[in-house]
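# Descriptive structure summary
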Amino acid sequence: MDSAQVEALAEAAADGIEFDGFAAEAEGDGYVLATEAGSKRVVHGDALDDAAAEYAPYVTNWYFWHAEAPQAEDRWAYLRWLERADDERVPDRYDALEAGTTREWGQLRVTVTVDEAGTRRYELRHVDDADAAPADLTDHDDPLDARQLAKHDDRDRYRPLKTAPTLQTGWRFADLGPGELVRAVESFYPATVANWHREREGELDISHWRETIGRQSGIYGVVRTWDRGEGHEHVDWVAEACCVDSQCVKRREWQYDEETDLDVDGGDGEFPCREPCSVVIAAARRWTKLEGEQSRTYEFELTPSEKEQIEDIVDAVADGRTEEIREADVYEGANRYRARFLRAKRFDDDGNLSGVSTDPEEAEGGADADGSSADEDEAAEEASDD
């Protein structure tokens, strides 16, 4: 414990201290120090250094939270959550912090340690690198480096959704201060600390589907035409496609509207999603146009195994498992060679499954059919906009 901490203790004791099971107050020419364990000491002013040393964990803990930690309410609360400050007594917490206390935040793994002066230091890495040796990771010092790390996944593909569970691995922030740690976390996952805190305080402002869609304009205004108050099954499909744990590390709190919950589970993420995000809105625009097509009946000739294989292929693509399927595993329906065999057997020269045209009228020479799908119409529309 250094002299600055003792001086700060003496100054604050004049108004009284009561924090994390520790109390201190000035009394005459001396001070009274006490803890929740029943320990109490009355000392003269010139003996405050020695007395404070006996209460070192409590004093340094008080000093850190009032002189070193960020004082913004959301950041302060987040840092306390990281070390379970509201759940453990100071001596027990310090014992844990000496070895390192770890918590997860999305795909981030944060480890907090404490030194003899009570100063916290933070190590930040990917959860999948929990057991990786430091030498196998690339170290970073600047918390704003997180912005660049968050841009691409391990295959160097751009990540339009920062909270998608595709954060790249192989990096480490080895020694961050409290403010630096929060800046890095917020660079990886913008606004998550603030929204997490608002939710804990009962102040999270949630914008449900109908309210959010009602605000859309321009090319996104078309989404409103999909939402005519005839039920919300279509929004369940959207949530199942985009807003579950396998697709986003947030926990969805928005529903169809304030009175109507969706049937799809919102997930288990530590921090909340307060409204449909831009990725969901962009996808909904595409699905709005696709769902505007009239259904048609197609007749295909497939073996039972081929039908199951098509289902396996859709599942593998939807769950992002195509990269995991080995080329030698021809028992897997979505195996590349099996898919190529199915294409060779069942697709005609124009790419039609079982030789069945997408537009039967076009195949029969119908004059009124243009033969285009919603995807083709959309591509043409976007090209004309450009």
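Our structure's up above, just so we're on the same page.
Everything numeric in this text was worked out from a predicted model, so none of it was measured. (Residues numbered from 1 in each chain as written. Predicted model: local features only at pLDDT ≥ 70, side-chain atom pairs only at ≥ 80, totals over all residues. Heavy atoms only, no water.)

Along the chain, the regular secondary structure elements total 15 helices and 11 strands. Taken against the 2.2 N^0.38 rule, which gives 21 Å for 386 residues, the C-alpha radius of gyration of the chain at 29 Å runs more than 25% over that of a compact globule. Its C-alpha atoms put the chain at 105 × 50 × 40 Å along the principal axes. Classification of the 386 residues of the chain by burial places 40% in the buried group. Taking all contacts inside the chain whose residues are at least 6 apart in sequence as the whole, residues at least 24 apart take part in 57%. Summed over its atoms, the accessible surface of the chain is roughly 21,600 Å², and 43% of this surface lies on carbon and sulfur atoms. Measuring between centres, the 43 positive side-chain charges of the chain sit 3 Å from its 95 negative side-chain charges. (Helix = DSSP H or I, 4+ residues; strand = E, 2+ residues; numbered from the N terminus. Rg over C-alpha atoms; globule rule 2.2 N^0.38 Å. Buried < 20%, exposed > 50% of the residue type's maximum accessible area, 1.4 Å probe, protein only. Contact = heavy atoms within 4.5 Å. Areas by Shrake-Rupley, 256 points an atom, 1.4 Å probe, with all protein chains shown as cover. Lys, Arg positive; Asp, Glu negative; His and termini not counted. Charge placed at Lys NZ, Arg CZ, Asp CG, Glu CD.)

Attention now moves to the environment of glutamate 180. With respect to the element layout, glutamate 180 can be found in helix α7 (residues 178–188). Among the residues examined, glutamate 180 registers a relative accessible area of 27% and is labelled partly exposed. Remark: the alpha-carbon pair of glutamate 180 and leucine 144, spanning 36 residues in sequence, is separated by 8.8 Å. The contacts of glutamate 180, once residues within four sequence positions are left out, are Arg121, Pro143 and Asp175.

As a further point, take the layout of surface pockets. Taken as a whole, the largest pocket spans an internal volume of roughly 950 Å³. Along its surface, the largest pocket is lined by 37 residues, and Arg157, Ala164, Pro165, Thr166 and Gln247 are the ones closest to its centre. Of the residues contributing to the lining of the largest pocket, the split by class is 17 nonpolar, 9 polar and 11 charged. (1 Å grid on protein atoms, 1.4 Å probe; cavity = no way out; pocket = protein on both sides within 12 Å on 5 of 7 lines; lining within 4 Å. Points joined across faces, edges and corners; volume = space filled by probe spheres on them. Nonpolar A, V, L, I, M, F, W, Y, C, P; charged D, E, K, R; others polar.)

So, about the pattern of salt bridges. Opposite charge on two side chains lets them pair, provided their charged atoms get close. For the structure shown, the criterion picks out 25 salt bridges. With a closest N to O distance of 2.8 Å, aspartate 139 and arginine 172 form a salt bridge. Of this pair, aspartate 139 sits in strand β8 (residues 138–140) while arginine 172 sits in strand β9 (residues 171–176), and the two are 33 residues apart along the sequence. Residues arginine 155 and glutamate 323 are paired through a salt bridge, measuring 3.3 Å at the closest nitrogen-oxygen approach. Pair noted here: arginine 155 is in the loop between α6 (145–149) and β9 and glutamate 323 is in the loop between α12 (304–318) and α13 (336–346), with a separation of 168 residues, a long-range link. Through salt bridges with shared partners, one network takes in Asp20, Arg80, Glu83, Asp86, Arg93 and Arg120. (Salt bridge = Lys/Arg side-chain N within 4 Å of Asp/Glu carboxyl O.)

Let us look at a negative patch on the surface. Where like charges cluster on the molecular surface, the negative patch consists of Asp2, Glu7, Asp49, Asp50, Glu68, Asp95, Glu98, Asp115 and Glu116. Elements supplying a minimum of two residues to the negative patch: α2 (48–54) and α5 (90–99). Inspection of the secondary structure puts aspartate 49 in helix α2. (Patch = residues over 30% accessible without salt bridge, like charges linked within 9 Å, V, L, I, M, F, W, Y side chains within 5 Å.)

Topologically, aspartate 142 is positioned in the loop between β8 and α6. Counting along the chain gives 60 residues from aspartate 142 to glycine 202, while the straight-line C-alpha distance between them is 33 Å. A distance of 2.9 Å separates the side chain of aspartate 142 from the backbone nitrogen of leucine 144, its partner in a polar contact. (Polar contact = N/O pair within 3.5 Å; in protein donor to acceptor, adjacent residues only side chain to side chain.)

Another point: helix α10 (residues 233–242). One turn of an α-helix holds 3.6 residues; hence residues three or four places apart share an orientation. His234, Val235, Asp236, Val238, Ala239 and Cys242 are the residues of α10 that are buried. Residues of α10 that are buried sit in contact with α9 (209–214), β10 (251–252) and α11 (278–291).

Look at helix α3 (residues 56–68) against α5: their axes get within 10 Å of each other, and the N-to-C directions meet at 80°. One way to sum up the angle between α3 and α5 is to call them roughly perpendicular. On α5, the residues touching Pro57, Tyr58, Thr60, Asn61 and Trp65 of α3 are Val90, Pro91, Arg93 and Tyr94. Partitioning the contact of α3 with α5 into residue classes produces 6 nonpolar, 2 polar and 1 charged. (Axes fitted to C-alpha atoms, helices over the stretch in contact; angles between N-to-C directions. Parallel < 35°, antiparallel > 145°, perpendicular 65-115°, else oblique.)

With antiparallel pairing, 4 strands are arranged side by side in an open sheet as β1-β2-β3-β4. Edge positions in the sheet fall to β1 (17–19) and β4 (40–44), since each of these pairs with one other strand and no more. Adjacent strand axes in the sheet meet at a mean angle of 10° when their direction is disregarded. Of the pairings in the sheet, the one linking strand β2 (residues 22–27) to strand β3 (residues 30–35) comprises 6 bridges and is antiparallel in character. The residue of β3 that forms the bridge with alanine 26 is tyrosine 31. Each of β1, β2 and β3 is contacted by helix α1 (residues 3–13), which is oriented at about 70° to β2, the strand it contacts most. Sheet strands touched by α3: β1, β2 and β3. Its angle to β1, the strand with the most contacts, is close to 90°. (Pairing = 2+ DSSP bridges.)

The tally for this structure, following the rule as stated, stands at 19 aromatic pairs. Both rings, one in tryptophan 171 and one in phenylalanine 188, keep their centres 4.8 Å apart while their planes meet at 25°; by these two values the pair is stacked. Highlighted residues: tryptophan 171 in strand β9 and phenylalanine 188 in helix α7, separated in sequence by 17 residues. Here the two residues tryptophan 171 and phenylalanine 188 agree in accessibility, since each one is buried. Between tyrosine 189 and phenylalanine 271, the ring centres sit 5.5 Å apart and the planes meet at 45°, which makes this aromatic pair tilted. A residue pair is termed long-range when its members are at least 10 positions apart, and tyrosine 189 in the loop between α7 and α8 (192–200) and phenylalanine 271 in the loop between β10 and β11 (272–273) qualify at 82 residues. (Phe/Tyr/Trp six-rings, centres within 6.5 Å; stacked < 30°, edge-to-face > 60°.)

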